[in-house]
Amino acid sequence: MTTWPSPTDTLRHDSGVAVLDKASLLLSVLEDGPASVSRIVALTGLTRPTAHRLALALQRLRLVTRDARGRFLLGPRLGEMAVAEHGDRMLEQTAPVLTELRDATHSSARLHRRCEGRQLCVAAAEAADAEEDAVPVGTAAGLWTGPVAQVLLAWEEPDVLYQGLARARFTAAMLAQVRHRGWAQGSGGPTVDAATLAVPVRGPGGRVVAALSLSGPRTGPRVREFTATMIDAAMRLGEACDG
């Protein structure tokens, strides 16, 4: 269960600009997933008018966006800059692989990477019926919930794994199971309300460099069928790292 510091503790080491500190506090709540204004108020101690005004201002800057239920979540702008900065050969080869996977499964296919302690969507091929659950490229989410986070952490070094589990909503035993079977299933992360299947993408030396995910209503019931297709796609993406 996530334990949040009090607003006083969070703001103790401040930037000297009160509005920036409040915006940072609001964004820290959204790192844990979508949140309503009421939840933001409860976790930060900000007044409701202040929380709502800040959220709308951050939305205009695309640092925050909203889901189909009107909740606020981290927006794509910072992630887009990170994607542009970390462009590589694998990303150049991603579009056709994701498109093929989407068309074969009729589900949304996405590629995620770790970036500054978060899971970052760096490429996506959205299913035709996924308008409400679409995840824009650049969308970031915390590394403590969902199948993508589990895949990105499961094969990490012990010290990184320990730090990741400190806030996680999954356990070390669950990550051991992910390592054993080679994939993770559930909900959470950028696609909080959708069934999601995730597999690792391995680069040189077998190191996990990304997570490939598939999300949509068909994913859960057809997990066994889709897993083999995803592992094949992940291998193709991994081979691009060596190219």
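**Q** Could you clarify how one ought to interpret the overall build of the protein chain in this entry?
**A** Each helix and strand in the protein chain was counted, giving 10 helices and 8 strands. Counting only residues that meet the buried cut, the protein chain has 48% of its 243 residues in that class. Taking all contacts inside the protein chain whose residues are at least 6 apart in sequence as the whole, residues at least 24 apart take part in 56%. Carbon and sulfur atoms form 53% of the exposed surface of the protein chain, whose accessible area is close to 12200 Å².

**Q** How should a nonpolar patch on the surface be read in this particular structure?
**A** A contiguous nonpolar patch, built from V17, V19 and L20 and spanning about 240 Å² of accessible area, is present on the exposed surface. Among the structural elements, V17 can be located in the loop between α1 (7–11) and α2 (18–30).

**Q** Sorry, what's going on with the pattern of salt bridges here?
**A** Opposite charge on two side chains makes pairing possible when the charged atoms of those side chains draw close. Taken as a whole and assessed by the stated rule, the structure comprises 6 salt bridges. Note that E156 and R114 form a salt bridge whose closest N and O atoms lie 2.9 Å from each other. With E156 in the loop between α7 (147–154) and α8 (158–165) and R114 in strand β3 (residues 108–115), this residue pair connects regions lying 42 residues apart in the sequence. Given the relative accessible area of 33%, R114 is considered partly exposed.

**Q** How should I be thinking about the nonpolar core in this particular structure?
**A** A general feature of soluble globular proteins is that nonpolar side chains tend to end up buried together. Within the largest apolar cluster, 44 residues are counted, with the highest numbers of intra-cluster contacts made by L30, I40, M90, L111, V201 and L212. For this core, the leading source of residues is helix α10 (residues 223–242), giving 7 residues. With residues near it in sequence (within four places) discarded, V201 still touches M90, L111, R207, V208, V209, A210, A211, L212, A234, L237 and G238. With 16 residues, the next largest nonpolar core counts L152, L153, A154 and L175 among its residues.

**Q** In this structure, what is going on with the pairing of strand β8 (residues 208–215)? I would like to understand it.
**A** Consecutive residues of a regular strand have side chains that alternate between opposite faces of the sheet. Here β8 lies mainly inside the structure; 8 of its 8 residues are buried. Note that β3 and β8 share 5 bridges and pair antiparallel. Across the sheet, L111 pairs through a bridge with L212, a residue of β8.

**Q** How do you make sense of the packing of aromatic side chains when you look at a structure like this?
**A** Here the distance between the centres and the angle between the planes together describe a pair of aromatic rings. Taken as a whole and assessed by the stated rule, the structure comprises 0 aromatic pairs. The ring centre of W155 lies 4.9 Å from the NZ or CZ of R202, which sits over that ring.

**Q** So what exactly am I meant to see when it comes to the environment of L161 here?
**A** On the secondary structure map, L161 appears in helix α8. When its relative accessible area of 15% is taken as the criterion, L161 is described as buried. Taking the C-alpha atoms as reference, L161 lies 9.4 Å from L175; in sequence the two are 14 residues apart. When neighbours within four sequence positions are excluded, L161 is seen to be in contact with L153, A154, E156, L175 and R179.

Cut-offs applied
Residue positions are given per chain, counted from 1 along the sequence in the order it is written. This being a predicted model, a pLDDT of at least 70 is required before a residue's local features are given, and a value of 80 or more before pairs of side-chain atoms are given or counted; all residues contribute to the totals for chains, interfaces and linings. For side-chain calculations, the full set of non-hydrogen atoms in the structure is used, while hydrogens and water are omitted. Here a strand is any run of E in DSSP of at least two residues, a helix any run of H or I of at least four, and the numbering for each starts at the N terminus. Burial status follows relative accessibility: with a 1.4 Å probe on protein chains alone, a residue under 20% of its type maximum counts as buried, one over 50% as exposed, and anything between as partly exposed. Only heavy atoms matter for contacts: two residues are in contact if any of them lie within 4.5 Å across the pair. Per-residue accessibility takes into account occlusion by the displayed protein chains alone, with areas from the Shrake-Rupley method and a 1.4 Å probe. Patches here are clusters of residues that have more than 30% relative accessible area and form no salt bridge, with a 9 Å joining cutoff for like charges and a 5 Å cutoff for nonpolar side chains (Val, Leu, Ile, Met, Phe, Trp, Tyr). We define a salt bridge as a side-chain nitrogen of Lys or Arg found within 4 Å of a carboxyl oxygen belonging to Asp or Glu. Residues belong to a common nonpolar core when they are buried Ala, Val, Leu, Ile, Met, Phe, Trp, Tyr or Cys residues joined through side-chain atoms within 4.5 Å. What makes two strands pair is DSSP finding at least two bridges between them. For Phe, Tyr and Trp, where Trp contributes only its six-membered ring, two rings pair if their centres lie within 6.5 Å, and the inter-plane angle classes them as stacked under 30 degrees, edge-to-face over 60, or tilted in between. Whether a charge sits over a ring depends on NZ of Lys or CZ of Arg being within 6 Å of the ring centre and within 35 degrees of the ring normal.

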